[in-house]
Structure formats: structure tokens, C-alpha cells
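# Structure at a glance
The primary structure of each chain is shown beneath.
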Amino acid sequence: MRAEDIMTREVVTVRPETPVGELARLFSDRGISGAPVVDAEGTLLGVVTETDLMRRIADADDAKPGWLHGLFHDPA
């Protein structure tokens, strides 16, 4: 299986000035967990994800590594 087999084809983009509340609503309504951030010309500036939103809400000291981090960094 490859990325192209599981990727979303109808990509929703957001602008850098999109409020966090709107991002959360967008993710929930569309059933997505992230979106590319683009400027007025459509140039990719970055990606914002549910994890980014959760980290913003949580205290930085309390932020736990994600499931994938444990999967790839567990010596077992």
C-alpha cells in the first residue's frame, strides 16, 4: 500500500489567517484531520493538523508524543 492508495483527493485548503475555531469546525464537518495552508496565490506555506490544534490547547509541558512516534521509536 502506498500514500496514493489512502490519500484524500478532494483537498481542502485554508489561508494563514483562518481562525483556530474555524479550523476545528472544518476538520469536524469534513471528517479530515489536516489541511494545507496556502497564500492568496495558492503557494503552499505549510500544513495544519488536528494534532497542531490539540497541542495548542494543551500545555506544551503536557504534550505527549503521538501513537506513530511510539510505534517507530519503541525498541521492542
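Everything quoted here is computed from the prediction, not taken from an experiment. (Residues numbered from 1 in each chain as written. Predicted model: local features only at pLDDT ≥ 70, side-chain atom pairs only at ≥ 80, totals over all residues. Heavy atoms only, no water.)

### As for the pattern of salt bridges
Enumeration according to the criterion identifies 2 salt bridges in this entry. Arginine 2 is paired through a salt bridge with glutamate 4; the nearest N and O atoms lie 2.5 Å apart. Owing to a relative accessible area of 38%, glutamate 4 belongs among the partly exposed residues under this scheme. Between arginine 15 and glutamate 17 there is a salt bridge; the shortest N-O distance is 3.8 Å. (Salt bridge = Lys/Arg side-chain N within 4 Å of Asp/Glu carboxyl O. Buried < 20%, exposed > 50% of the residue type's maximum accessible area, 1.4 Å probe, protein only.)

### Examining the confidence of the model for the chain
In the predicted model, the chain carries a mean pLDDT of 85, and 75% of its residues have values of at least 70. When the elements of the chain are averaged for pLDDT, helix α4 (residues 67-73) gives the smallest value, 66, and strand β1 (residues 34-38) the largest, 97. (pLDDT = per-residue confidence, 0-100. Helix = DSSP H or I, 4+ residues; strand = E, 2+ residues; numbered from the N terminus.)

### A closer look at the nonpolar core
Core analysis: the biggest nonpolar cluster contains 9 residues, these being Val12, Val14, Leu23, Phe27, Ile32, Ala35, Val37, Val48 and Leu53. Of all the elements in the fold, those that place two or more residues in this core are α2 (20-30) and β1. (Core = buried A, V, L, I, M, F, W, Y, C linked by side-chain atoms within 4.5 Å.)

### Here we look at the pairing of β1
Across 5 bridges, the pairing between β1 and strand β2 (residues 44-49) is antiparallel. The residue bridging valine 38 from the neighbouring strand is leucine 44, located in β2. Linking β1 back to β2 in an antiparallel pair, the connection comprises 5 residues, with glycine 42 at a positive phi of about 90°. (Pairing = 2+ DSSP bridges.)

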